[in-house]
Amino acid sequence: MAKVATIGILTSGGDAPGMNAAIRAVVRTAINRGIRVMGIRRGYNGLINGDMFEMNLRSVSDIIHRGGTVLYTARCPEFKTQEGIDKAVKVCREYEIDGLVVIGGDGSFRGARDLSLNGIPCVAMPGTIDNDIGASDYTIGFDTALNTVMEMVDRLRDTCQSHDRCSVVEVMGRHAGYLALHAGIAVGATAIIVNEVPFDIERDIFDVMKRTALTGKKHYIIVVSEGVGGVAELAKKIEERTGVETRATVLGHVQRGGTPTVRDRYLASLSGYHCVELLEKGIGNRVVVVKDDKIVDIDIYEALNTKKPYPLDIHMLAKEISI
Ligand code: ADP
Ligand code: F6P
């Protein structure tokens, strides 16, 4: 097997806090092992257009504590076409890139799979605040986003309490409810509404508010996953039906930024290191995941075909402790 001399690294899809820690670990590990690293800008766009630069040990100084991604990120529709892949392969050959680290969500994994199939070994790692990668217990950025949501909703609780109001808060997660569930538990939500669990406004909100009011509750937090959406209409219905003044808040992209937590920096660093270990051996078409608190790697096809079950038992537990 020919020695791996150069690898590329890119971040793709929505950014996530901790991506910089991963980039740092990849660059430092690779250079320490005599491998050159090309930093590719704006995801697969940079690969197709040859927008890249050689990184050195100091290119990744002072980034471990920063949210976002120093390599920038983007969505690149052209990469979903064979023409786009062909262009990327050509650029990889031109820059003598022997392997690639891709940090992103499952869309980005599909790109990495296609590139691996076309002769460029890729190793991917999950970076998304949604925690929606079936094959991994955890995705980089989830913990930071959760802490941000918690802080924001704690603030909402203050004003909610002062006014005896109900606050309906929409959190991100695309189609997945993990962010809503975990944050909902952490903020002591009266109700958590997600796509994965059928929702009945009468049973899940009006009845709960009525019942808890009987024991003295005067303010309420309802956490809604963005996949369900419609928080403004929901707030209106709650106010009309219960008489409790209600406000809707969409937290939005504030959830994607900010200083990464210890968990995100730590797991990103370990995962980045693991990615280089694989590429160094010429191994591609793998995803580096967290399983039972360990960093392991699995086949990309397997990763893409693994569904993440929504923890219904935890959802029910949340209901029980919000009475
Ligand atoms: P995420 O990686 O966070 O899931 P996206 O789904 O937007 O985000 O995907 C990011 C990028 O990955 C896309 O813009 C595209 O360049 C690439 N990608 C997504 N799906 C595919 C696919 N089916 N085949 C090839 N590349 C894809
Ligand atoms: O996948 C991360 C995520 O923040 C989702 O939670 C959300 O649905 C989406 O990205 C938002 O994407 P954009 O940044 O394109 O608005």
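Presented here is an overview of the structure given in this document. These figures come from a predicted structure and were not determined experimentally.

Attention now moves to the site of ligand 1. Not every one of the 15 residues close to ligand 1 is listed here, only the nearest: Arg75, Cys76, Gly105, Gly107 and Ser108. Contact distances for ligand 1 include 2.6 Å between an oxygen atom and a backbone N or O atom of Cys76. Gly107 places a polar main-chain atom, nitrogen or oxygen, 3.0 Å from an oxygen atom of ligand 1. Here ligand 1 has 550 Å² of accessible area as a free molecule, and 84% of this is covered by the chains.

On to the environment of Arg41. Here Arg41 is to be found in the loop between β2 (36-40) and α2 (44-49). The exposure class of Arg41 is partly exposed, given its relative accessible area of 26%. Among residues more than four places away in sequence, those in contact with Arg41 are Gly46, Asp51, Met52, Phe53 and Leu71. Polar contacts involving the side chain of Arg41 include one to the side chain of Asp51, which spans 2.7 Å.

Helices that pack against each other are described as a pair by the angle of their axes relative to one another and the distance between those axes. One can describe the packing of helix α1 (residues 19-32) onto helix α9 (residues 262-280) by two numbers: an axis separation of 7 Å at closest approach and a directional angle of 35°. Handedness of the α1/α9 crossing: right-handed. Residues Ala21, Ala22, Ala25, Val26, Thr29 and Ala30 of α1 touch α9, and the partners they reach there are Arg265, Ala268, Ser269, Gly272, Tyr273 and Val276. Across the contact of α1 with α9, the residue classes tally to eight nonpolar, three polar and one charged.

This brings us to the site of ligand 2. As a matter of local geometry, ligand 2 sits amid Arg75, Thr128, Ile129, Asp130, Met172, Gly173, Arg174, Glu226, His253 and Arg256. Residue Glu226 places a side-chain N or O atom 2.4 Å away from an oxygen atom belonging to ligand 2. Contact between ligand 2 and His253: an oxygen atom at 2.9 Å from a side-chain N or O atom of the residue. Calculation on ligand 2 without its partners gives an accessible area of 400 Å², and the protein chains cover 77% of this total.

Criteria and thresholds
- Residues numbered from 1 in each chain as written.
- Chains lettered and ligands numbered in written order.
- Predicted model: local features only at pLDDT ≥ 70, side-chain atom pairs only at ≥ 80, totals over all residues.
- Heavy atoms only, no water.
- Near = heavy atom within 4 Å.
- Polar contact = N/O pair within 3.5 Å; in protein donor to acceptor, adjacent residues only side chain to side chain.
- Areas by Shrake-Rupley, 256 points an atom, 1.4 Å probe, with all protein chains shown as cover.
- Helix = DSSP H or I, 4+ residues; strand = E, 2+ residues; numbered from the N terminus.
- Buried < 20%, exposed > 50% of the residue type's maximum accessible area, 1.4 Å probe, protein only.
- Contact = heavy atoms within 4.5 Å.
- Axes fitted to C-alpha atoms, helices over the stretch in contact; angles between N-to-C directions.
- Left-handed = near helix turned anticlockwise from the far one by under 90°.
- Nonpolar A, V, L, I, M, F, W, Y, C, P; charged D, E, K, R; others polar.

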